[in-house]
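The lines below spell out each chain.
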Amino acid sequence: MRDLMARHRASPATVQQAIQRVAAEGLVEVRPGRGSYVAQRPVTNHQDLSWQAVALGEGRPGEDLVANLLAVPKPEAIPLSSGYLDPDLQPAEALGAALSRAARRPASWGRVPVEGREELRAWFAKEAGGEFRAGDMTVCAGAQEALATVFRGLGDRGDAVLVESPTYLGAIAAARDAGLKVVPVPADQDGVRPDLLQAAFERTGAKLFYCQPLHANPHGAVLSEQRRPEVVRVVRAAGAFLVEDDWARGLTIDGTAPPTLAAHDTDGHVVYVRSLTKVAAPGLRVAVIGARGPAGIRLKNTRSKQDLYVAGPLQDAAIDFVTSPVWRRHLRMLQLSLRSRRDALAHAIREHLPEFEVARSSGGLHLWAKLPDDFDDLELTAAAAARDVVVFPGRPWFAAEPRGSFLRLTYGGAPEHVLAEGVRRLAGAVAAARR
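Residues numbered from 1 in each chain as written. Predicted model: local features only at pLDDT ≥ 70, side-chain atom pairs only at ≥ 80, totals over all residues. Heavy atoms only, no water.

Draft legend 1. View of the sheet that holds strand 13 (residues 366-370). Taken in spatial order, the four strands of this open sheet run 12-13-16-15, and their pairing is antiparallel. At either end of the open sheet lies a strand with only one pairing partner, and these are strand 12 (357-358) and strand 15 (392-393). Direction of pairing for strand 15 relative to strand 16 (residues 406-410): antiparallel, over a ladder of two bridges. Residue phenylalanine 392 lies in a different strand from strand 16, and its bridge partner there is arginine 408. (Pairing = 2+ DSSP bridges. Helix = DSSP H or I, 4+ residues; strand = E, 2+ residues; numbered from the N terminus.)

What follows is the structure, encoded as structure tokens:
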């Protein structure tokens, strides 16, 4: 004890309290009259967890996809893969103020309707347009939960669900987790091809088609004005639902975003999904499902079985934020910043990786780059990681065989100079692979 007092210049009482605490944790053994000693650790046998492989059975296809996408890179690594906004672009101060105001209202902490606050649902309904009303909306904790609810609620195990190819890997994972068979339908820079969509409906008898009409993740396509009515006609003729994932609403940086497909749906074929997470901050886990008629009732019931409701303070903070002038100011500043970052990333690719074919992008968060024929996307991803730049391979975004090797490169997660350095490191990985 005297040694500890001298070494740390602490009083006898302080040293005694410290010894008592570590003794209570089993780290020190106090022997009266003899002193304090480091406790001997009991020898533990090697744990054998191999039995779990038998108990769990066959793994679920794609169950690791979303986890890999959400993995946090090392602090020294440059992120060219993040699906969320750089903290500098997030309206953290405004969100914090909104949440603080919500937390001070006692009613925020009470029970919330399963379908969510009416004011929030009314805002989402107005944004979606068309025939939607507040009563058609169900609030969820993020788009991933909303998609899981849609696939479980409207599909039966073994059913086919049609998806654009490539498409959001989180949707692929959610559909497969619901027991659905994911069938890809080729898309190009004008969106999904209506002729192939019709053929897929006829071949599979599917009753669900998952679509991202605005800045599709990962390839950035916007469903063209010519194809929009054709796609809706094909879905209507099949007696099916079109799941419109409007994830990038507010992220258009060139021109004007077209209206939602839901805005022109008169007969309840479009099931609308939108989240605030991508356009604001990862912690704003607020999304909505819009569906009319029996489909809407079924989805509300499905949602209630998964989670009772989204926390009241978070819903109230979301209402406060999106109905204030701060929301529109945030969108204007965000679009300007994203345009600058997209252009910086595209310029760096042209300068250092001219052999990459980059699809045009008028919004969203990503650039979709086709690699030369002699490159493997998975191998290049690993080589880039060794140089502390994180990219995401294209292969997981295809529900079947990919049409080549691709990378999804994100411009929303880092400032311009960091993006440029990331591309230089990626170019170094490409050069090393060719030697």
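Draft legend 2. Geometry of the packing of helix 9 (residues 194-204) against helix 10 (residues 227-237). At their nearest, the axes of helix 9 and helix 10 sit 9 Å apart, and the two run at 10° to each other. Between helix 9 and helix 10, the crossing angle belongs to the class labelled roughly parallel. Residues Pro194, Leu197, Gln198 and Phe201 of helix 9 pack against Arg227, Glu230, Val231, Arg233, Val234 and Val235 of helix 10. Per-class residue counts for the contact of helix 9 with helix 10 are six nonpolar, one polar and three charged. (Axes fitted to C-alpha atoms, helices over the stretch in contact; angles between N-to-C directions. Parallel < 35°, antiparallel > 145°, perpendicular 65-115°, else oblique. Contact = heavy atoms within 4.5 Å. Nonpolar A, V, L, I, M, F, W, Y, C, P; charged D, E, K, R; others polar.)

Draft legend 3. Inspection of the packing of aromatic side chains at higher detail. Overall, the coordinates contain nine aromatic pairs when judged by the stated rule. Note on tryptophan 368 and phenylalanine 406: the rings are 4.9 Å apart at their centroids and 10° apart in plane angle, and the pair reads as stacked. With a gap of 38 residues between them, tryptophan 368 in strand 13 and phenylalanine 406 in strand 16 connect regions that are remote in the sequence. Their ring planes at 35° and their centres at 5.8 Å tell us that phenylalanine 398 and phenylalanine 406 sit as a pair that is tilted. For phenylalanine 406, a relative accessible area of 8% gives the class buried. Among the aromatic side chains, those forming a connected cluster through ring pairs are Trp123, Phe124, Phe321 and Trp327. In this structure, lysine 278 packs its charged tip against the face of tyrosine 84, placed 4.2 Å from the ring centre. Stacked on the ring of phenylalanine 132, the Lys or Arg arginine 292 has its end atom at 5.9 Å from the ring centre. (Phe/Tyr/Trp six-rings, centres within 6.5 Å; stacked < 30°, edge-to-face > 60°. Buried < 20%, exposed > 50% of the residue type's maximum accessible area, 1.4 Å probe, protein only. Lys NZ or Arg CZ within 6 Å of the ring centre and 35° of its normal.)

Draft legend 4. Quick look at helix 15 (residues 416-434). Taking 1.5 Å per residue, 19 residues should reach 27 Å; helix 15 reaches 27 Å between its end C-alpha atoms and fits that length. Listed as buried for helix 15 are Val418, Leu419, Ala420, Gly422, Val423, Leu426, Ala427, Ala429 and Val430. Buried positions along helix 15 lie against strand 3 (78-79), helix 13 (325-352), helix 14 (377-386), strand 14 (389-390) and strand 16. (Expected span 1.5 Å × (residues − 1).)

Draft legend 5. Representation of the side chain of threonine 252 in the model. Secondary-structure assignment places threonine 252 in the loop between strand 9 (241-245) and strand 10 (270-275). Setting aside residues up to four positions removed in sequence, threonine 252 forms contacts with Leu214, His215, Ala257, Gln335, Ser362 and Gly363.

Draft legend 6. The arrangement of the sheet that holds strand 10 in detail. Overall, mixed pairing links the eight strands, which are arranged 4-11-10-9-8-5-6-7 in an open sheet. Whereas interior strands pair on both sides, the edge strands pair on one side only; in this sheet they are strand 4 (137-140) and strand 7 (191-192). Summarising the sheet, strand 6 (residues 181-188) and strand 7 pair through two bridges and their orientation is antiparallel. Bridging from a neighbouring strand, aspartate 188 pairs with glycine 191 of strand 7. Strands in contact with helix 6 (residues 118-128) are strand 4, strand 10 and strand 11 (287-290); relative to strand 4, the strand with the most contacts, it is inclined by about 115°.

Draft legend 7. Inspection of unusual backbone geometry at higher detail. Here the amide bond leading from serine 165 into proline 166 is cis, since omega sits at 5°, within 30 degrees of zero. Examined against the element boundaries, proline 166 turns out to sit in the loop between strand 5 (160-165) and helix 8 (169-177). For the bond running from asparagine 217 to proline 218, omega is 25°, close enough to zero to count as cis. Relative to the assigned elements, proline 218 resides in the loop between strand 8 (208-211) and helix 10.

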